[in-house]
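These are the residues of each chain, in order.
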Protein chains: 2
Amino acid sequence: MLDASRLRLLHDLSRLGTIAAVARLRTYTPSAVSQQLAALEREAGAALLTRTGRTVTLTAAGRALAGHAATVLAALDEAEAALAALREGLTGPLRIGAYPSAVRTLLPAALVDLARDHPGLDLTVTELDPVAVPAALADRTLDVGLIQDYDVAPGIPDPALGSRPLLDETIHLAGAPTLAAAAGAPWILATPGTLCHTATLHLCRSAGFEPRARHHADDFATVLALVAAGQGVSVVPHLATAGAPPGVTLTPLPARRRTRIAYRRGTAGHPAVAACVTALQAAAAAYLPQDRP
Amino acid sequence: MLDASRLRLLHDLSRLGTIAAVARLRTYTPSAVSQQLAALEREAGAALLTRTGRTVTLTAAGRALAGHAATVLAALDEAEAALAALREGLTGPLRIGAYPSAVRTLLPAALVDLARDHPGLDLTVTELDPVAVPAALADRTLDVGLIQDYDVAPGIPDPALGSRPLLDETIHLAGAPTLAAAAGAPWILATPGTLCHTATLHLCRSAGFEPRARHHADDFATVLALVAAGQGVSVVPHLATAGAPPGVTLTPLPARRRTRIAYRRGTAGHPAVAACVTALQAAAAAYLPQDRP
DNA sequence: GCCCGGCCGTAAGCTGACCTGATGCTCGAC
DNA sequence: GTCGAGCATCAGGTCAGCTTACGGCCGGGC
């Protein structure tokens, strides 16, 4: 019978690409991972990976088996979720990943609720960009994470993840009355590669111009402070406008940012995940009434 | 992470009922099984079984986990089937279970075809009653098995198994011109517990009488020999009438026996299983034209 | 062109998991 | 009451699997 922990290593390899990365993720030595994958090849009776250059790539059989490994791992997730659902109280670790502005606004209320209702839970919050959430969930570095989706740059849903809607916010232009007026102004952009950066680019390009970057800041509080100091213009979602410094003009734009709470598909039935989803949805509902377009 | 081989032991236990039986099936000592299940309980964080009298029963958590274990094992089956499908030639063991009359009639032709087309296959045939086939498939004692279903006593399909139709035969009364004439005659019955025995009982009872058993024989060739010797009457399916001794009157009855070829759901995509299914269906087609009602 | 760093595989050695066999207990049947 | 079946625990030996150490290979940088 194929070994599930070896299948997990293969599944990790199919996402990460190198044995060394898998070893770092699982806190093994690369040697151990290499040996386990070699054993899996023996079990499978087929070559699963080939050395290409100084790295390895999966063969067709390797890719096929990695796909089936995802199914097996999801089934194991479901089994563990079912066990957790049968246990008396909610206990154990729950690792939540969210982007900075959510950590400051939504998370505190949700964490208080969760800690009050389920004192046995061991909550850990990690701040990270939404684009890194799917990988972190697959890595089992996170159990729950907030992902985003701009209507101007819709994302493709990950088939390994389930998700529930959380927020649907208006995007505001900060520092200028209209997008046309902001076209020539200096912009405050996020670091390239983040979702925020690409969404801003999409927004400006669909308005017919390329933003001229002057400053780079990921934190919206920092961004708004720079705008208040007259250092440039930027776009911020509704959630970030709560504590905006006075004197910053905010103009709603015809663009929306949707936030969803995501989890591995197999853990959908896990009571801790379900409790976290409801707590976050309750916290989001407290913010929603302020953002009716 | 839950261990798949331990989950398999739990799954076995849920079907077999005792740790000793699981140990016999897996050729372990009961001590090893007991230790592995104890380790699974530690992993699961819940009591999975309780001692009741001198045996054990599953708790609610144990039953739930056993159900999920079936899902995990099916996913592992599918992964192995996918690997086998990618391999060059068909190799490896294929264990076929069938009832005696099929072993004599259908199997030889199918085995010849299979051995010719796939010389790498290691074919093993086991003679057993259809009622034992689902358990043997679940035990992994068999890979493919013939199951039966009388329209007078329809069976309930096993959700863990897939199947394909193979034969649909007329049942013949042997040794008497009509069922009414056979009511008072001595009967040759199969051993109680076999599907054949219960089907005969159903047939007689729906005709309004209880068959009086005189001889017990499971093999239809033996049954027909006894009928030819004037020792009693019996019912035999079409497949068994091929080499009937002369002088035995055979009367078609308004009852049919359906034979299906069954396999574990996860192995549906296994090329060896698929090849066996097609070979048996081809062999069955050679018998079918003789049995148009 | 050459060196260096990262990646992968193999060999050796040690720790720990796991199976066996023995022992003791409980329960049910005769 | 005795016996047998079933299960758990304990001691002991074996083997899988990890780490460490080492060598080969490729690609980028000076």
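Structure: see above.
Residues numbered from 1 in each chain as written. Chains lettered and ligands numbered in written order. Predicted model: local features only at pLDDT ≥ 70, side-chain atom pairs only at ≥ 80, totals over all residues. Heavy atoms only, no water.

**Q** Please set out the packing of aromatic side chains residue by residue, giving values where relevant.
**A** Residue and element names in this part refer to chain A. For the coordinates displayed, the defined rule picks out two aromatic pairs over all chains. Pairing Trp187 with Phe209 gives two aromatic rings, centres 6.0 Å apart and planes at 40°, and the pair type is tilted. One end of the pair, Trp187, is in strand E7 (residues 186-189); the other, Phe209, is in the loop between helix H8 (195-206) and strand E8 (212-216), and 22 residues separate them in sequence. For Trp187, a relative accessible area of 0% translates into the label buried. Judged by relative accessible area, Phe209 falls into the buried class, the value being 13%. (Phe/Tyr/Trp six-rings, centres within 6.5 Å; stacked < 30°, edge-to-face > 60°. Helix = DSSP H or I, 4+ residues; strand = E, 2+ residues; numbered from the N terminus. Buried < 20%, exposed > 50% of the residue type's maximum accessible area, 1.4 Å probe, protein only.)

**Q** Residue-level account of the relation of the copies chain B and chain A, with values.
**A** Between chain B and chain A, the superposition needs a rotation of 180° and an axial shift of 0.1 Å, giving an RMSD of 0.1 Å. On the angle and the small slide along the axis, the relation comes out as a two-fold axis. Taking the C-alpha atom as reference, chain B places Val72 of chain B closest to the rotation axis, 2.9 Å from it. The fraction of interface residues of chain B whose copies in chain A are also interface residues reaches 96%, indicating that both copies meet through the same surface. (Least-squares fit on C-alpha atoms with pLDDT ≥ 70 in both. Contact = heavy atoms within 4.5 Å.)

**Q** Which residues make up the interface of chain B and chain A, and what are the values?
**A** If you look at the interface, chain B gives 26 residues, while chain A gives 25 residues. Of the roughly 2200 Å² buried at the junction of chain B and chain A (both faces included), carbon and sulfur atoms supply 78%. Applying the counting criterion to the chain B and chain A interface returns zero salt bridges. Where chain B touches chain A, the interface holds six residue pairs in polar contact (both at pLDDT 80 or more). Considering each element in turn, the side of chain B that touches chain A owes the most residues, 16 residues, to helix H4 (residues 60-86) of chain B. (Buried area = accessible area lost by both parts, 1.4 Å probe. Salt bridge = Lys/Arg side-chain N within 4 Å of Asp/Glu carboxyl O. Polar contact = N/O pair within 3.5 Å; in protein donor to acceptor, adjacent residues only side chain to side chain.)

**Q** Let's hear about the protein's contact with DNA strand D: which residues, and what values?
**A** In the vicinity of DNA strand D there are 20 residues, among which Arg6 and Gln36 of chain A together with Ala20, Ser34 and Arg54 of chain B approach most closely. At 2.6 Å, a side-chain N or O of Ser34 of chain B approaches a phosphate oxygen of DNA strand D. If you list the elements that add at least two residues to the surface near DNA strand D, you get helix H3 (30-44) of chain A together with helix H2 (19-26), helix H3 (30-44) and strand E2 (55-58) of chain B. Per element, the largest residue contribution to the surface near DNA strand D is four residues, and it comes from H3 of chain A. (Near = heavy atom within 4 Å.)

**Q** Residues and numbers for helix H1 (residues 4-16) of chain B, please.
**A** Residue and element names in this part refer to chain B. For H1, spanning 13 residues, the distance from its first C-alpha to its last is 18 Å, which sits close to the expected 18 Å at 1.5 Å a residue. Within H1, burial applies to Ala4, Arg6, Leu7, Arg8, Leu9, Leu10, His11, Asp12 and Leu13. Phi turns positive one or two residues past the end of H1, at Gly17, with a value near 95°. (Expected span 1.5 Å × (residues − 1).)

**Q** Report on the sheet that holds strand E3 (residues 92-98) of chain B, specifying residues and quantitative values.
**A** Residue and element names in this part refer to chain B. Strand order in this open sheet of six strands is E4-E3-E5-E10-E6-E9, and the pairing throughout is mixed. Looking along the sheet, the strands with just one partner apiece sit at the ends: strand E4 (121-127) and strand E9 (234-237). Going across the sheet, the axis of each strand differs from the next one's by a mean of 30°, ignoring polarity. The pairing of E3 with E4 spans seven bridges and is parallel. Residue pairing across strands places Gly92 opposite Leu121, the latter belonging to E4. (Pairing = 2+ DSSP bridges. Axes fitted to C-alpha atoms, helices over the stretch in contact; angles between N-to-C directions.)

**Q** Any details on the packing of helix H4 (residues 60-86) of chain A against H4 of chain B? Residues and values, ideally.
**A** Put simply, H4 of chain A and H4 of chain B touch, their axes get as near as 9 Å, and they point 180° apart. Taken together, the axes of H4 of chain A and H4 of chain B are roughly antiparallel relative to one another. Classifying every residue of the contact of H4 of chain A with H4 of chain B gives 22 nonpolar, four polar and two charged. (Parallel < 35°, antiparallel > 145°, perpendicular 65-115°, else oblique. Nonpolar A, V, L, I, M, F, W, Y, C, P; charged D, E, K, R; others polar.)

**Q** Could you give me a rundown of the protein's contact with DNA strand C, with the residues and numbers involved?
**A** Contacts to DNA strand C come from 20 residues, most closely from Ala20, Ser34 and Arg54 of chain A together with Arg6 and Ser31 of chain B. Each atom of DNA strand C within 4 Å of the protein was classed as base or backbone; sugar and phosphate made up 67%. One nitrogen or oxygen atom from the side chain of Thr29 of chain B is found 2.9 Å from a phosphate oxygen belonging to DNA strand C. One of the side-chain N or O atoms of Ser31 of chain B is found 2.9 Å from a base oxygen in DNA strand C. Listed by contribution, the elements that provide at least two residues to the surface near DNA strand C are helix H2 (19-26), H3 and strand E2 (55-58) of chain A together with H3 of chain B. Here the surface near DNA strand C gets four residues from one element, more than from any other, and that element is H3 of chain B. The class makeup of the residues in the surface near DNA strand C is five nonpolar, eleven polar and four charged.

**Q** Let's hear about the nonpolar core: which residues, and what values?
**A** One finds Leu37 and Leu65 of chain A together with Leu37 and Leu65 of chain B to be the most contacted residues of the largest nonpolar core, which totals 55 residues. Among all residues touching Leu37 of chain B, those that are not within four sequence positions of it are Arg6, Leu9, Leu10, Leu13, Ile19 and Leu49 of chain B. (Core = buried A, V, L, I, M, F, W, Y, C linked by side-chain atoms within 4.5 Å.)

**Q** Describe unusual backbone geometry, naming the residues involved and giving the relevant values.
**A** The backbone of Thr27 of chain A shows a phi angle near 50°, a positive value even though the residue is not glycine. Topologically, Thr27 of chain A is positioned in the loop between H2 and H3.

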